[in-house]
Amino acid sequence: MRLEHGETFTVTRHGRTVARIVPPDPAEEAVNQAVADGLIDLTELSRARTAAQTARIRTAPATAADVPLTQSLEELREAQDCGEGR
């Protein structure tokens, strides 16, 4: 729970630091999620060595499957409404 609030823990052995437990970095988590969702190609990401190279990584285009069903239904209804007014 304390990690979730940003606290860092240091693990020691005989007074010497052997590890640190830190909360996840939100930016890193966002990238991991984008890779998991197939929005960023992991191969391209692993080849990027600078921030500029990382910024040039193309994201996957949205497909019809990525559009929420409710949004698709709203668009269909709007299209029908426009067609009925003629």
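Up top is the structure these notes are about.
For clarity, every value in this text was computed on a predicted model and none was experimentally measured.

Asker: I'm lost on the overall build of the protein chain in this one. Help?
Answerer: When helices and strands are tallied, the protein chain shows four helices and two strands. Secondary structure elements of the protein chain, listed N to C terminal, follow the sequence β-β-α-α-α-α. By sequence separation, contacts in the protein chain at least 24 residues apart represent 0% of the contacts at least 6 residues apart. Entry remark: accessible area of the protein chain is about 7,600 Å², with carbon and sulfur atoms responsible for 53%.

Asker: I tried to follow the pattern of salt bridges on my own but got confused; where do I start?
Answerer: Side-chain pairs of opposite charge can arise whenever the charged atoms involved come near each other. Throughout the structure, instances matching the rule amount to one salt bridge. Its salt-bridge partner being Arg2, residue Glu7 comes within 2.8 Å of it at the nearest N-O pair. Looking at Glu7, the relative accessible area reads 32%, which means it is partly exposed.

Asker: Would you take a moment to explain a negative patch on the surface for this structure?
Answerer: On the surface, a cluster of negative charge is contributed by Glu74, Glu75, Glu78 and Asp81. Note on placement: Glu74 falls in helix H4 (residues 69-84). Classification of Glu74 as partly exposed rests on a relative accessible area of 47%.

Asker: How do you make sense of the environment of Arg2 when you look at a structure like this?
Answerer: Positionally, Arg2 belongs in the segment before strand S1 (9-13). For Arg2, a relative accessible area of 48% corresponds to the partly exposed category. In this structure, the C-alpha to C-alpha distance between Arg2 and Pro23, residues 21 residues apart in sequence, is 9.0 Å. Setting aside residues no more than four positions away along its own chain, Arg2 makes contact with Glu7 and Phe9.

Reading the values: rules and limits
Residues numbered from 1 in each chain as written. Predicted model: local features only at pLDDT ≥ 70, side-chain atom pairs only at ≥ 80, totals over all residues. Heavy atoms only, no water. Helix = DSSP H or I, 4+ residues; strand = E, 2+ residues; numbered from the N terminus. Contact = heavy atoms within 4.5 Å. Areas by Shrake-Rupley, 256 points an atom, 1.4 Å probe, with all protein chains shown as cover. Salt bridge = Lys/Arg side-chain N within 4 Å of Asp/Glu carboxyl O. Buried < 20%, exposed > 50% of the residue type's maximum accessible area, 1.4 Å probe, protein only. Patch = residues over 30% accessible without salt bridge, like charges linked within 9 Å, V, L, I, M, F, W, Y side chains within 5 Å. Lys, Arg positive; Asp, Glu negative; His and termini not counted. Charge placed at Lys NZ, Arg CZ, Asp CG, Glu CD.

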